[in-house]
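Chain by chain, the residues run as shown.
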Amino acid sequence: MKVNIVSLTCCAGCVSSFLNAGDALLEILSQDFDIVYSPTFVDLKEVPQVDLAIVEGGVRTEADEKLIREVRAKSRILVALGICATHGGITSLGNIISVKKLLEKEYFVLETSKLPELEDLMYPICNFVDVDYYIPGCPPMPFLIVHSLKSIVSGKTPTRHQSVVCTECNRKIIAAKLDRLYGIYDKEADPNLCLVSQGFVCLGSLTREGCGAPCPRAGFTCFGCRGPTDSLLYRSRDLYSFLVKVISKRTSIPEEEVKKELYRNPFIFHTFIFSKFERFKARERII
Amino acid sequence: MTSQREITISPTTRIEGHGKVTIILDEAGNVSDAYFYATEIRGFDYFLRGMEADRLPFIISRICGVCSTAHVLASVKAIENIYGTEITETAKKLRELLLMGQIISNHSLVFFFLILPDFWFSKEEDPSKRNAFQIMRENPEIGRKAIALRSFATKILDTIGKREVHIVSAIPGGLISPLKEKEREELLKAAKEACAITQEAVSLGKELFEKNWEEFRKAGDYKTHYMALTDDDAIEFYEGKIRILNPEGDVFSEFAAQDYMKHVEEKRYEWTYAKFACLKALGCQKGIVQVGPTARVNVNKKTKTEFANRELEEFKRKFGSPTHATLLFDYARLIDLLYACERTRELLEDESITRTDTRVKVKPKGGVGTSVVEAPRGTLAHEYALTRNGRLKSMKLIIPTQVNSAAINLNVKDAATEFIRKGEIKPGLLNRIEMVVRAYDPCIKCATRNATDSLKVEIRNHEGRLLKILS
């Protein structure tokens, strides 16, 4: 199978994660998986016609948009790898300010002829092309990438992850009696108890599983890098009230109080999913 | 024949991020200027304003997935400087171990996947074959080594950092959890194997480098300033003083890391989304400075570990000190790699690294703080201003690739001048430009954090009209 690996605007962490797969990577490379185009590793400069394209990064510049359209047209299967490609990622935080302001404040008024023009927003790739599979995560874990790719290469549908991170975290959920919420530096976490039950704002209860919950297991709150679960994407999109309810239930702090505390932290939810998903309608394709 | 006046190389392949080269020709068709620049922008410096300090380190790591650990460590150190926090010895050791994991992870990637194809294949080789995957097919043993080394780094980052890309364990005040004795034993065992593989990689790298040295030495030789962290004349990554060497090899200045921004300034150019950085005292014309592997070797006299020190001495014997040839970055990077492996083993042999005092309580407050670490590509500085209630007011980051940009541009211009005469382009231009750019292992993701497009070379005439794009 001929494979393209394409990077749009991103941090290159997803391809790094793929390279971290160790023996599983060697195994997949020894099978029918021939990387023919990848500016990071291979010298070919023209995008070739392939069976599978793996795309990391989202669309921030017109050059990105042109490239993703070309890649789509030339690949049979297209996989969006990582939260930038699937949901816009960290870079979509740039959407809180206008492009004009961004360039004026931080740079200068550009001579537009020399550099690629910026799009008005950072977009996930599904705003421009059809995507066959989405693998969200910042970055997705190596085993998740390799397992999914193996299935795709052998013509099978990869295992989907529809539940929440809490199901992969071994901490015990209780209804504690607390009077306030805590920041991650405020106190040391109990190693066995649910972080929310200890008053930390952990997003595990509204984030898609599949990562193995490395952050909350280590005592660091989940910050939602796998994006919302199926049910939160479609049935009740109000992540905010959902989290307020979860926190209130596990800490016994009244919902009004929780709301007040959360309001102070504008970056809690949308760190990775601030973009708009115009064509994000393919629930069954999120792995 | 109408003279062609502008060349573009795009995308520059086998580097991290999207870069492009434009070469401008004068009326006679000779090179008048050449630029290597970033074509992407993300805007971290701006959109993170207002972010809570306790979320900053793990968000900032998203600047770059390849050197994320270096960013996290610089970030927590900057916040600790503001708070006035002193972390424990145990936490320091674990952080240094994380940074060594970062160096091994990056340098094994750069050596095996990005650089090795240039050393391995002849120039005439079909470009579609000139890559690491082809080497792995021809010689599976090399593939196995590359993956083993990369896996070892992953294991360090995963065990101590709790994630292998974008670690979460480093927080202001230390580390979120200690290293368990069982984990230490496993890592130490792996470290011994990794050191052996690294030795082999260094021998292979040296052998191939020497074979090509006559050719490589032609590819640029710039007498610039050099900057790196130093601890008593020895290579140091996590803390230490900053030393700047002048082109003759004398100490130009030496100062505490907190004063970094007083000595280095940024400059913007309208043709790139990345900002340049140079020495404040000399300005951007004269104050060109290089950071990274060669700079670390030039600035320091030794390394604290045995085998790396031997390699460093051999390097200085062969090439002198300071040494300036651009492609020596690729050689010097192997010394870093060996040092990182040996230092990892040393840190793990110290049983006190498993002590549980990894964390002290921080007392958040407002103010300005600067910190510096040696990232894989060179000296990395973060400076934050926090408000009284712990929000980011502003930040300034100076990234190795920004510092190296001026030297990269000189190199590109030089290569262009060598290959273009009176509008005629000799074959091999593209390859040469890519090799000198690649030697710096530039991370455009970082320099622009901020913006991308892979390497393009554009050739334009003196009026700015696009004549040709090489890709």
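These lines cover the structure that appears in this document, whether it is placed above or below. Along every chain, residues carry numbers that run from 1 in the direction the sequence is written. By the order in which they are written, chains take letters starting at A while ligands take numbers starting at 1. Under the rules for a predicted model, residues below a pLDDT of 70 receive no local features and side-chain atom pairs below 80 are neither given nor counted, while totals for whole chains, interfaces and linings still include all residues. Side-chain calculation: all heavy atoms of the structure are included, whereas hydrogens and water are not.

### A short note on the nonpolar core
Soluble globular proteins tend to bury their nonpolar side chains together. Counting residues in hydrophobic clusters, the biggest one holds 200 residues, and the most contacted among them are A:Phe33, A:Leu52, A:Leu262, B:Ile23, B:Leu48, B:Phe113 and B:Tyr384. Top contributing element to this core by residue count: helix H4 (residues 89-120) of chain B, with 17 residues. As used here, the term nonpolar core means buried Ala, Val, Leu, Ile, Met, Phe, Trp, Tyr and Cys residues forming a set that is joined through side-chain atoms within 4.5 Å. Burial classes follow relative accessibility: with a 1.4 Å probe on protein chains only, a residue under 20% of its type's maximum area counts as buried, one over 50% as exposed, and anything between as partly exposed. If you look at the next biggest cluster of nonpolar residues, it comprises 23 residues, including A:Ala53, A:Val71, A:Val129 and A:Tyr134. Only DSSP runs of H or I with at least four residues qualify as helices, and only runs of E with at least two residues qualify as strands; both kinds are numbered from the N terminus onward.

### What to know about helix H6 (residues 142-153) of chain A
Residues and elements named next belong to chain A. Helix length check: H6 (12 residues) gives 16 Å between terminal C-alpha atoms against 16 Å at 1.5 Å per residue, within 8%. Of all the residues in H6, the buried ones are Pro 142, Leu 144, Ile 145, Val 146, Ser 148, Leu 149, Ser 151 and Ile 152. It only takes one pair of heavy atoms within 4.5 Å for two residues to be counted as in contact. Where H6 is buried, its residues meet helix H1 (13-19), helix H2 (23-30), strand S3 (50-56), strand S5 (75-81) and strand S7 (133-135). Positive backbone phi, at 80 degrees, marks Gly 155, one or two positions downstream of H6. Multiplying 1.5 Å by the helix residue count minus one yields the expected span of that helix.

### Some points on H2(A)
Those residues of H2(A) lying buried are A:Leu25, A:Ile28 and A:Leu29. Summarising the axial view, the buried residues of H2(A) lie within an arc of 100 degrees, below the 170-degree limit, and thus occupy one face. In H2(A), those exposed residues whose orientation departs by more than 90 degrees from the buried face are A:Asp23 and A:Ser30. Check the buried side of H2(A) and you find it contacts H1, strand S2 (34-37) and H6 of chain A together with helix H5 (132-138) and helix H6 (140-161) of chain B. It is the directions from the helix axis to the C-beta atoms whose arc is reported.

### Topic: the state of the cysteines
Counting rule for disulfides: a pair of cysteine sulfur atoms within 2.5 Å. Within the structure shown, the criterion is met by one disulfide over all chains. Across the disulfide, B:Cys278 is cross-linked to B:Cys284 (sulfur-sulfur distance 1.9 Å). Because the torsion about its S-S bond is -65 degrees, the bridge between B:Cys278 and B:Cys284 counts as left-handed. Judged by relative accessible area, B:Cys278 falls into the buried class, the value being 3%. Residue A:Cys14 stays outside any disulfide, its sulfur separated by 6.5 Å from that of A:Cys11, the closest cysteine. Between A:Cys166, a free cysteine, and A:Cys194, which holds the nearest cysteine sulfur, the sulfur-to-sulfur gap is 6.2 Å. Taking relative accessible area as the criterion, A:Cys166 reaches 24% and is therefore assigned partly exposed.

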